[in-house]
Amino acid sequence: MSNITRSAAGATGFVKNLAASAAGALSAGTSRHSTATASVHMSASGREKTLTKQSLPGRVLKTEYAVRGRVVTRSYEIQKMLAEKTKSLPFDELIFANIGNPQAVGATPLTFPRQVLACVMYPPLLEAGVFPEDVIKRAKEYLKYASGKVGAYSHSKGLEGLRQEVADWLEERDGHRPDAEHIFLQDGASPAVKLALDLLIGGPEDALLIPLPQYPLYSASITKLEGTAVGYYLDEEKNWGTSREELERALKEGRDQGKKVKALVVINPGNPTGGILSKQDMEEIVEFCEDNNLVLLADEVYQVNIYKEGAEFTSFRKVVMDKGSSVELFSFHSASKGIAGECGLRGGCVVTDNLDPEVLAEMYKLASVNLCANIIGQMAFTLTVRPPKAGEASYELYKKELGDALDSLKRRAKKVAATLNGLEGASCQEIEGAMYAFPSITIPKKAAEMAMENGMAPDLFYCLRLLEETGIVVVPGSGFGQRDGTFHFRTTILPQENQVDAIAKRMSEFHSKFMKEFS
Ligand SMILES: Cc1ncc(COP(=O)(O)O)c(C=O)c1O
């Protein structure tokens, strides 16, 4: 039975699926590499290795991360073939549309943050007369925060001066200033999310409600902590919105299994959906958390990536604070997304509201175990939320770079959705924000049967065929969770604008051929 069919059981089922498919991968891997494994298990002295795949904790083997899963593994093999010209293929380059990694597919970093970072890394540049005065001023400020040493550890929550700037930004964004002690600068949003999960999960009895489809950081991290994920389905017809009814259903599912449901995760704008939650959905989510004593984890890393006409980003923090709600809230943001797309610099943040001071102290203790987030990442994150202001020397260039990139993403979002909606049996919601489309596709029965015979989910089969025939790398919907009997894939909208038409053509031709072959 496929993952998809099994996912009918909901999110707990979804996490079990991941376990089942990990076990499948394990047995497949064992038979494929049995000779190699025997020799790898022995050290040069003939001693048996202590650490073997079989000796690893089950939670490690069960952890799956679809975004870098089987399709991507195959794409690396194909990339090698292309480089070594070992086989003739129907394309001469791969199109990586599997991961939201903007600079890897041609996005250029913003000038202002890079100039500041160059100066803090190499202070003689401050005197070189090559950078505008606001860059020099900012770099000097940041160096002062770091006592002149970006190579030294900082406070475990991050440099205090930077946290004050993040607090300034949050005050402007939400109309409510947080205490800088409630802000933790981290090596990206991923470790920030894991820090929050560490506080929530003690074992399988502790459950979190996660959206389905979800970004697999959540299912993977919950599995690794041996907690339980219970999915609430987003409503595709409502452009991936939520409903109180579905939240109640998921909560009941968790409680009926004897779980202690402690928190709800929300990703807005959505990955993989590309949807933006309405204000009404957001209010309902906060009320639902309040009524059921749930901690709210708001993943808002795509808050700058808004494409829908007339839409503006509203944070969950603003909704919680404006209501005067006591919901315990973790809000996440990152330097990886937006326009800067500084994924490799690893800068992100979590801000907490309404936490018990003793919990905050424990969180600080856990953050201290990692000493501190990398200083360049801390600065890169702060620079994304504190860009140059009107009247400053770098402002016009910054505004142009940001505006041009955002306009281009808006055009790409429209084009990608139109292409996907033009495919037979496919339907794609408007890409309102984030960096992705998550179209539903119809997989012909014959193709689904062939997929099953090969031990894979039908949408994985589709995505592998797409890769082999066109070089386009996307991620099957089964890795994110989807309603039973539906199939999707996730594609980014990030390939450069001058490539989009060619990609659309390749994809449309492939799809028609696939549908014809299996109908
Ligand atoms: C919804 C969501 N949250 C968190 C992350 C992780 O971001 P970071 O690079 O800051 O760890 C991603 C990355 O794609 C994401 O899509």
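Residues numbered from 1 in each chain as written. Predicted model: local features only at pLDDT ≥ 70, side-chain atom pairs only at ≥ 80, totals over all residues. Heavy atoms only, no water.

Digging into the pairing of strand 3 (residues 206-212)
Regular strands place side chains that alternate from one sheet face to the opposite one.
Thinking step 1. The buried count for strand 3 comes to seven of seven residues, which makes it a mostly enclosed element.
Thinking step 2. Judged by which residues are buried, strand 3 turns out to be covered on both faces: Asp-206, Leu-208, Ile-210 and Leu-212 on one side and Ala-207, Leu-209 and Pro-211 on the other are all buried.
Thinking step 3. Judged from the six bridges that link them, strand 3 and strand 4 (residues 228-233) form a sheet pairing that is parallel. Across the sheet, Leu-212 pairs through a bridge with Tyr-233, a residue of strand 4.
Thinking step 4. Handedness of the β-α-β unit built from strand 3, helix 10 (residues 217-224) and strand 4 comes out right-handed. (Buried < 20%, exposed > 50% of the residue type's maximum accessible area, 1.4 Å probe, protein only. Helix = DSSP H or I, 4+ residues; strand = E, 2+ residues; numbered from the N terminus. Pairing = 2+ DSSP bridges. Right-handed = clockwise from strand over helix to strand, strands pointing away.)

A word on the pattern of salt bridges
Close approach of charged atoms lets side chains of opposite charge pair.
Thinking step 1. One pass over the full model with this rule turns up 35 salt bridges.
Thinking step 2. Linking Asp-174 and Arg-173 is a salt bridge whose minimum nitrogen-to-oxygen distance equals 2.8 Å.
Thinking step 3. Residue Glu-248 is joined to Arg-244 by a salt bridge in which the shortest nitrogen-to-oxygen separation is 2.9 Å. Of this pair, Glu-248 and Arg-244 both sit in helix 11 (residues 244-256), four residues apart, roughly one helical turn.
Thinking step 4. Residue Glu-248 is classed as partly exposed on the basis of its relative accessible area, which comes to 31%.
Thinking step 5. By relative accessible area, Arg-244 is classed as partly exposed at 24%.
Thinking step 6. When salt bridges with common partners are traced through the structure, they connect Arg-173, Asp-174, Arg-317 and Asp-353 into a single cluster. (Salt bridge = Lys/Arg side-chain N within 4 Å of Asp/Glu carboxyl O.)

Brief notes about the packing of helix 11 against helix 12 (residues 279-291)
Thinking step 1. Where helix 11 meets helix 12, the axes come as close as 10 Å, and the angle between the chain directions of the two elements is 30°. Relative to helix 12, the crossing made by helix 11 is right-handed. Across the interface between the two elements, Arg-244, Leu-247, Glu-248 and Leu-251 from helix 11 touch Glu-284, Ile-285, Glu-287, Phe-288 and Asp-291 from helix 12.
Thinking step 2. Classifying every residue of the contact of helix 11 with helix 12 by side-chain character gives four nonpolar, no polar and five charged. (Axes fitted to C-alpha atoms, helices over the stretch in contact; angles between N-to-C directions. Left-handed = near helix turned anticlockwise from the far one by under 90°. Contact = heavy atoms within 4.5 Å. Nonpolar A, V, L, I, M, F, W, Y, C, P; charged D, E, K, R; others polar.)

As for the nonpolar core
Thinking step 1. Residues Leu-208, Tyr-218, Leu-297, Phe-330, Phe-332 and Ile-431 are the most contacted members of the largest nonpolar core, which totals 86 residues.
Thinking step 2. For Leu-297, the residues in contact, after removing those within four places along its chain, are Ala-196, Leu-197, Leu-200, Leu-208, Ala-263, Leu-264, Val-265, Val-266, Phe-330 and Phe-332.
Thinking step 3. Grouped together as the second largest cluster of nonpolar side chains are 31 residues, Ile-136, Ile-183, Leu-383 and Val-385 included. (Core = buried A, V, L, I, M, F, W, Y, C linked by side-chain atoms within 4.5 Å.)

A word on the UniProt feature "domain: Aminotransferase class I/classII large" (unreviewed entry) in the protein
Thinking step 1. UniProt's feature table lists "domain: Aminotransferase class I/classII large" (unreviewed entry) at residues 132-505, given in the numbering used throughout.
Thinking step 2. Helix makes up 44% of residues 132-505 and strand makes up 15%, while its end C-alpha atoms are separated by 44 Å. (UniProt positions renumbered as here; feature names shortened; annotations may be inferred.)

So, the site of the ligand
Thinking step 1. Neighbouring the ligand are 13 residues, the closest being Ala-189, Ser-190, Asp-299, Tyr-302 and Ser-334.
Thinking step 2. In this structure, Lys-337 approaches the ligand through a side-chain N or O atom, which is 2.9 Å from an oxygen atom.
Thinking step 3. Within the side chain of Arg-346, a nitrogen or oxygen atom sits 2.8 Å from an oxygen atom of the ligand.
Thinking step 4. Its free accessible area being 400 Å², the ligand has 95% of it covered by the protein chains.
Thinking step 5. When grouped by side-chain class, the residues that make up the shell around the ligand number five nonpolar, five polar and three charged. (Near = heavy atom within 4 Å. Polar contact = N/O pair within 3.5 Å; in protein donor to acceptor, adjacent residues only side chain to side chain. Areas by Shrake-Rupley, 256 points an atom, 1.4 Å probe, with all protein chains shown as cover.)

Remarks on the environment of Glu-93
Thinking step 1. Take Glu-93: it is sitting in the loop between helix 5 (70-84) and strand 1 (95-96).
Thinking step 2. Exposure remark for Glu-93: the relative accessible area of 37% places this residue in the partly exposed category.
Thinking step 3. With 385 residues separating them in the primary sequence, Glu-93 and Ser-478 have C-alpha atoms 26 Å apart.
Thinking step 4. Look past the residues within four positions of Glu-93 in its chain and what remains in contact with it is Leu-82, Gly-471, Gln-499 and Arg-506.

Quick look at empty space enclosed by the protein
Thinking step 1. Tallied over the full model, the rule gives four cavities of 30 Å³ or more.
Thinking step 2. A volume near 160 Å³ is recorded for the largest cavity.
Thinking step 3. Taken together, 13 residues form the lining of the largest cavity, with Val-416, Thr-491, Thr-492, Val-500 and Ile-503 sitting closest to its centre.
Thinking step 4. Among the elements that make up the lining of the largest cavity, the one with the highest residue count is helix 19 (residues 497-518) (four residues).
Thinking step 5. Partitioning the lining of the largest cavity into residue classes produces 10 nonpolar, three polar and no charged.
Thinking step 6. In this model, the second largest cavity occupies a volume close to 100 Å³. (1 Å grid on protein atoms, 1.4 Å probe; cavity = no way out; pocket = protein on both sides within 12 Å on 5 of 7 lines; lining within 4 Å. Points joined across faces, edges and corners; volume = space filled by probe spheres on them.)

Some remarks on the environment of Leu-464
Thinking step 1. Turning to its location among the elements, Leu-464 is positioned in helix 18 (residues 458-470).
Thinking step 2. When its relative accessible area of 12% is taken as the criterion, Leu-464 is described as buried.
Thinking step 3. For the pair Leu-464 and Lys-144, spaced 320 residues apart in the sequence, the C-alpha separation amounts to 51 Å.
Thinking step 4. The contacts of Leu-464, once residues within four sequence positions are left out, are Arg-70, Val-71, Arg-74 and Met-456.

So, the layout of surface pockets
Thinking step 1. Roughly 990 Å³ of internal volume is contained in the second largest pocket.
Thinking step 2. Considering the residues around the second largest pocket, the lining is formed by 38 residues, among which Trp-169, Thr-384, Val-385, Pro-387 and Tyr-398 are closest to the centre.
Thinking step 3. Elements that contribute at least two residues to the lining of the second largest pocket include exactly helix 7 (133-145), helix 8 (160-174), strand 7 (329-334), helix 15 (375-385) and helix 16 (395-421).
Thinking step 4. By residue class, the composition of the lining of the second largest pocket is 16 nonpolar, seven polar and 15 charged.

Considerations on the side chain of Arg-163
Thinking step 1. Mapped onto the secondary structure, Arg-163 falls in helix 8.
Thinking step 2. Accessibility expressed as a relative area gives 0% for Arg-163, which makes it buried.
Thinking step 3. Aside from chain neighbours lying at most four places away, what touches Arg-163 is His-155, Lys-157, Gly-158, Ala-180, Glu-181, Ile-183 and Leu-185.

Notes on unusual backbone geometry
Thinking step 1. Between Leu-212 and Pro-213 the backbone carries a cis peptide bond, its omega angle lying at 0°.
Thinking step 2. Here Pro-213 shows up in the loop between strand 3 and helix 10.
Thinking step 3. Going from Asn-271 to Pro-272, the amide bond is cis rather than trans, its omega being 15°.
Thinking step 4. Its place among the elements puts Pro-272 in the loop between strand 5 (260-267) and helix 12.
Thinking step 5. A positive phi angle, close to 45°, is found at Asn-239, a residue other than glycine.
Thinking step 6. Topologically, Asn-239 is positioned in the loop between strand 4 and helix 11.
Thinking step 7. For Asn-293, which is not glycine, the phi torsion reads 50° and is therefore positive.
Thinking step 8. Position of Asn-293 among the secondary structure elements: in the loop between helix 12 and strand 6 (295-299).
Thinking step 9. Its relative accessible area of 66% is what places Asn-293 among the exposed residues.

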